[in-house]
Amino acid sequence: MSGLVQHSNRLKYSFEFFPTSQQEEENEFWRVVGNLEPFEPEFFSVTYGALGSARKKSLETVEQLHIHTNTQIAAHLTVVDSTKADTDFVLETLWNQGIRRIVALTGDSRGDQSWNSGYHNALELIGAIKKAGDFDISVAAYPEVHPKAESAQSDMDCLKAKLDAGANRAITQYFFEVDTFLRYRDQLAKAGIDKPVIPGILPIHDFFKVRKFSKRCGATIPDYYAIHFAGMEGNAAAQHQLALDLALELCEKLVQEGVDQLHFYTLNRSDLVLQIVKQLSYKIEFENNLQQVA
Ligand code: FAD
């Protein structure tokens, strides 16, 4: 019997989007949402101010998803470059809109010093969220250590503090090798962390962009990825198939290792994510059926 069925009868998913910036992207955005909703995700999440995107637009996207889908929506919220009053106002607005999930983040400052009068980090934000309402809280975790962290130990201590302060789970930065996550999972256990830490999966739509971005966020790209993708430069179909094979292999190994939820960084595209989720679902269903027949 294959390992997929042993651990997970129903694999859970969550899907992350960023707010659209152009009107013409809207139709595509809703098509992607429509493609992914049938998989009954645990939640859709919407990034906040990531890569310079507009925070107001993020809150509008959260509200629209909440109104137009039957899926729970998790609003990402960062504290950098915001006063406490701004952050508290956003929390109150989200609560009044019926949003009950937040991904609590420090964020990366654009250099504006106004946040000195704001919450300093995700840990302080969790305290504010607790006062604002009974939100479900997710936080960020870094299997390869946050690039600005003083040490791996301080990074782990930071995650533990966020979870001890009341966060319900963590979602990881993306990574490409299953061993990266498995090593991290061992370290989490050693640190006494027993809340769920959900692997973040980034399907590769554009390898060369991902390579550039990964340097900044400290995610290692295996050498063999570079070799394979370079060999397929200019062949979009071959690159797509390679990206699918690699992501699917990673997800399957994670499931075989007992992971029961995957968080996808969709980049507002459903082509690869949809194929990955469909193929995983088929395989699990197929193995379930085999088991019942046996
Ligand atoms: P914390 O939990 O406060 O810190 C995490 C670790 O980084 C700690 O070890 C801490 O010491 C170290 N660290 C962080 N900043 C510094 C610093 N300036 N100096 C020294 N050490 C530092 N960003 C967005 O802007 N919008 C988003 O919507 C968004 N969503 C994300 C979702 C996920 C699942 C993840 C993994 C990341 C996301 N990010 C987002 C990126 C995140 O904001 C950055 O990685 C940020 O630098 C750290 O935020 P944090 O909440 O993890 O910080």
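In this report, the structure presented in the accompanying data block is examined.

Here we look at the site of the ligand
- In the vicinity of the ligand lie 23 residues, with T106, D108, Y142, D155 and K162 positioned nearest.
- K162 places a side-chain nitrogen or oxygen 2.6 Å from an oxygen atom of the ligand.
- Calculation on the ligand without its partners gives an accessible area of 950 Å², and the protein chains cover 79% of this total.
- At the level of secondary structure, the elements contributing two or more residues to the shell around the ligand comprise β3 (73-78), α6 (152-164) and β6 (169-174).
- Classifying every residue of the shell around the ligand by side-chain character gives ten nonpolar, nine polar and four charged.

As for the side chain of R55
- Along the chain, R55 falls in helix α3 (residues 55-68).
- Here R55 is buried and forms no salt bridge, its nearest opposite-charge partner D81 lying at an N-O distance of 4.6 Å.
- One polar contact links the side chain of R55 to the main-chain carbonyl oxygen of V80, over a distance of 2.9 Å.
- Apart from the residues lying within four places of it in its own chain, the contact partners of R55 are Y48, G49, T78, V80, D81, S82 and R110.

What about the pairing of strand β8 (residues 261-265)?
- Within β8, five of the five residues are buried, which leaves it mostly tucked inside the rest of the structure.
- Neither face of β8 is left uncovered, since the one carrying Q261, H263 and Y265 and the one carrying L262 and F264 both have all their residues buried.
- Of the strand pairs in this sheet, strand β1 (residues 12-17) and β8 are connected by five bridges, and their pairing is parallel. Each residue of the ladder has a partner; that of Y13, found in β8, is L262.

Points about helix α7 (residues 178-190)
- If you check α7, its first and last C-alpha atoms are 19 Å apart, about what 13 residues at 1.5 Å a residue would give, namely 18 Å.
- Check the buried side of α7 and you find it contacts β5 (136-141), α6, β6, β7 (197-201) and α10 (236-256).
- Backbone geometry just downstream of α7 places G192 in the positive-phi region, at approximately 80°.

Quick look at the packing of aromatic side chains
- Scanning the entire structure with this criterion turns up 17 aromatic pairs.
- Plain terms: the ring middles of Y13 and F39 are 6.4 Å apart, the flat faces sit at 85° to each other, and that makes the pair edge-to-face. Here F39 lies in the loop between α2 (23-36) and β2 (43-46) and Y13 lies in strand β1, a separation of 26 residues in the sequence.
- Three or more aromatic residues joined by ring pairs form one cluster here, namely Y13, F15, F17, F29, W30, F39, F44 and F264.
- The ring centre of W95 lies 3.5 Å from the NZ or CZ of R100, which sits over that ring.

Considering the sheet that holds β8
- Pairing within the closed barrel is parallel, and its eight strands lie in the order β1-β2-β3-β4-β5-β6-β7-β8. Put simply, the sheet's adjacent strands are angled 30° from each other on average, direction ignored.
- Examined bridge by bridge, β5 and β6 share four bridges and lie parallel to one another. Along β6, the bridge assignment pairs A141 with T172.
- Set on the sheet, α2 makes contact with β1 and β2; between it and β1 the angle comes to about 175°.
- Contacting β5, β6 and β7, α7 crosses the sheet at an angle of about 160° to β7.

Topic: the environment of D164
- Positionally, D164 belongs in helix α6.
- Distance from D164 to K215, taken between C-alpha atoms, is 30 Å for residues 51 residues apart in sequence.

Section: helix α8 (residues 207-217)
- Three or more residues of α8 are buried, namely F207, V210, S214 and C217. The arc enclosing the buried residues of α8, seen along the axis, measures out at 85°, which places them on a common side. Residues of α8 that are exposed and point over 90 degrees away from its buried face: K209, K212, K215 and R216.
- Those residues of α8 that are buried lie in contact with β6 and α9 (223-231).
- The distance from a side-chain oxygen at the start of α8 to the backbone nitrogen of F208 is 3.1 Å, and the residue carrying that oxygen is D206.
- Two residues or fewer past α8, G218 is found with a positive phi of approximately 75°.

Quick look at unusual backbone geometry
- Of note in this structure, L267 is not a glycine but carries a positive phi near 55°.
- Counting through the fold element by element, L267 comes out in the loop between β8 and α11 (271-293).
- For L267, a relative accessible area of 40% translates into the label partly exposed.

Conventions we followed
Residue numbering note: each chain is counted from 1, following its sequence as written. Thresholds applied to this predicted model are a pLDDT of at least 70 for local features of residues and 80 or more for the giving and counting of side-chain atom pairs; totals over whole chains, interfaces and linings are not thresholded and use all residues. Values shown for side chains rest on all heavy atoms present in the structure; no hydrogens or waters enter the calculation. We call a residue near a molecule or strand whenever a single non-hydrogen atom of that residue lies within 4 Å of it. Any N or O atom pair separated by 3.5 Å or less is treated as a polar contact, with the protein-specific requirement of one donor-capable and one acceptor-capable atom, and with residues adjacent in sequence counted only for side-chain atom pairs. Shrake-Rupley sampling with a 1.4 Å probe provides the accessible areas, and residues are treated as covered by the protein chains on show and by no other component. Each helix is a run of H or I in the DSSP string that is no shorter than four residues. Each strand is a run of E no shorter than two, and both are numbered from the N terminus. Each residue gets one of three labels, nonpolar for Ala, Val, Leu, Ile, Met, Phe, Trp, Tyr, Cys and Pro, charged for Asp, Glu, Lys and Arg, and polar for the others, Gly among them. Only protein chains enter the accessibility calculation, which uses a 1.4 Å probe; a residue whose area is less than 20% of its type maximum is buried, one above 50% is exposed, and one in between is partly exposed. Positive charge is attributed to Lys and Arg, negative charge to Asp and Glu, and no charge count is given to His or to the chain ends. For this document, the term salt bridge refers to a Lys or Arg side-chain nitrogen within 4 Å of an Asp or Glu carboxyl oxygen. Residue contacts follow a heavy-atom distance rule, with two residues in contact if any of their heavy atoms lie within 4.5 Å. When DSSP finds at least two bridges between two strands, those strands are taken to pair. The span one expects for a helix is its residue count, reduced by one, times 1.5 Å. Note on aromatic contacts: the rings of Phe and Tyr and the six-membered ring of Trp form a pair at centre separations within 6.5 Å, being stacked when their planes are under 30 degrees apart, edge-to-face when over 60 apart, and tilted otherwise. Our definition puts a charge over a ring when NZ of Lys or CZ of Arg is within 6 Å of the ring centre and also within 35 degrees of the ring normal. For helices, the fitted axis covers only the stretch in contact; all axes are lines through C-alpha atoms, and the angles between them, taken along N-to-C directions, range from 0 to 180 degrees. The reported arc concerns the directions from the helix axis to the C-beta atoms and nothing else.

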